Amino acid sequence: MAGEDEKNLVEILEENHPIDITKYTNYVHSPQCGAIATFFGNTRDTFDGKTVIELRYEAYVPMAIRCLKSICSSARSLWNLNAIAVAHRLGSVPVGETSVFVAISSVHRVDALDACKFVIDELKASVPIWKKEVYSNGEVWKENMEFLERRPEIGKIRSCCKPKVKVDGDEAVKTGCCGPKVKVEDDNGNA
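Just so it is clear, the model here is predicted, and its values are computed rather than measured. (Residues numbered from 1 in each chain as written. Predicted model: local features only at pLDDT ≥ 70, side-chain atom pairs only at ≥ 80, totals over all residues. Heavy atoms only, no water.)

A. A look at the overall build of the protein chain. When helices and strands are counted, the protein chain shows 4 helices and 11 strands. For the protein chain, the proportion of its 191 residues judged to be buried stands at 42%. Partitioning the intrachain contacts of the protein chain with sequence separation of at least 6 by distance along the chain shows that 69% fall at a separation of at least 24. For the protein chain, the accessible area works out to roughly 10,800 Å², and carbon and sulfur atoms hold 50% of it. (Helix = DSSP H or I, 4+ residues; strand = E, 2+ residues; numbered from the N terminus. Buried < 20%, exposed > 50% of the residue type's maximum accessible area, 1.4 Å probe, protein only. Contact = heavy atoms within 4.5 Å. Areas by Shrake-Rupley, 256 points an atom, 1.4 Å probe, with all protein chains shown as cover.)

B. Quick peek at helix H2 (residues 61–78). Look at H2: 26 Å from first C-alpha to last across 18 residues, which is about the 26 Å you get at 1.5 Å a residue. Turning to H2, its buried residues are Ala64, Cys67, Leu68, Ile71, Cys72, Ala75 and Arg76. Tucked into the core, H2 has its buried residues touching strand E1 (8–13), strand E5 (83–89), helix H3 (109–126) and strand E8 (129–135). (Expected span 1.5 Å × (residues − 1).)

C. Spatial organisation of the packing of aromatic side chains. A full pass over the atoms with the stated rule returns 3 aromatic pairs. Look at Tyr24 and Phe101: their rings are 6.4 Å apart centre to centre, the planes differ by 50°, and that puts the pair in the tilted class. With Tyr24 in helix H1 (residues 21–28) and Phe101 in strand E7 (residues 98–106), this pair connects stretches of sequence that are 77 residues apart. Connected via pairs of aromatic rings, a cluster forms that spans Tyr24, Phe40 and Phe101. Directly above the ring of Tyr135 sits Lys50, whose terminal nitrogen or CZ lies 4.7 Å from the centroid. (Phe/Tyr/Trp six-rings, centres within 6.5 Å; stacked < 30°, edge-to-face > 60°. Lys NZ or Arg CZ within 6 Å of the ring centre and 35° of its normal.)

D. Just a nonpolar patch on the surface, in detail. On the surface, a nonpolar cluster with roughly 390 Å² of combined accessible area is contributed by Tyr60, Met63, Trp130 and Trp141. Positionally, Tyr60 belongs in the loop between strand E4 (50–59) and H2. (Patch = residues over 30% accessible without salt bridge, like charges linked within 9 Å, V, L, I, M, F, W, Y side chains within 5 Å. Salt bridge = Lys/Arg side-chain N within 4 Å of Asp/Glu carboxyl O.)

E. How the structure looks around the sheet that holds E5. Strand order in the open sheet made by the 4 strands is E1-E5-E7-E2, with mixed pairing throughout. The open sheet is flanked by E1 and strand E2 (35–42), the only strands paired with a single partner. Each strand of the sheet is rotated relative to its neighbour by a mean of 5°, with strand direction disregarded. Note that E2 and E7 share 8 bridges and pair antiparallel. Following the sheet pairing, Phe40 is matched in E7 by Phe101. Along the sheet, H2 contacts E1 and E5; its crossing angle with E1, the most-contacted strand, is approximately 150°. Along the sheet, H3 contacts E2, E5 and E7; its crossing angle with E7, the most-contacted strand, is approximately 150°. (Pairing = 2+ DSSP bridges. Axes fitted to C-alpha atoms, helices over the stretch in contact; angles between N-to-C directions.)

F. The environment of Val10, seen in detail. The topology assignment puts Val10 in strand E1. On the basis of relative accessibility, which here comes to 13%, the residue Val10 falls in the buried class. Taking the C-alpha atoms as reference points, Val10 and His88, 78 residues apart in sequence, are found 8.6 Å from one another. What Val10 contacts, discounting residues up to four positions off in sequence, is Ile65, Leu68, Lys69, Cys72 and Val86.

Written out as structure tokens, the structure reads:
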């Protein structure tokens with residue numbers, strides 16, 4: 001049987017390199033697997049009533065790759081998976097194009113589906129990739145809801161989803177594998 005690293009394909013794509021969905025889907029395809037779960041993250045045309053022109057992504061690539069590999073390892077420890085492929089674009093991603101893609105294969109669908117959700121949620125919460133939304137009338141750096149949910153000291157978040165951290169009193173127990181995306185200090189300068 002091949003080593004675990006041989007069954008993970010993790011790539012951060014430089015600007016102007018679209019994600020080749022077929023490449024990643026073929027990578028995870030296997031005759032012993034009855035399921036391939038995928039997630040496409042695409043640039044939509046509006047957000048909060050504003051017209052979106054494009055998204056722009058930046059990353060600390062070496063750390064992002066390490067975090068993604070760690071997320072893949074965590075997924076493998078929780079589910080019975082055959083292969084995992086994760087790709088994320090950098091630079092400009094126009095409306096309608098894919099900025100992130102996850103494909104996971106397993107013998108049964110439940111493992112692939114649950115692991116796919118886990119991988120994209122962990123990616124959004126902990127991998128050092130930053131997103132700027134460019135509107136027809138301005139632009140703004142955006143924080144992912146998954147990241148904010150894990151950092152209650154940043155502010156209260158309105159969300160329809162249940163929290164992804166356990167909160168005991170004022171202390172939050174983080175469940176991510178790569179640590180926070182930013183350093184947050186309290187009023188006294190303590191991290």
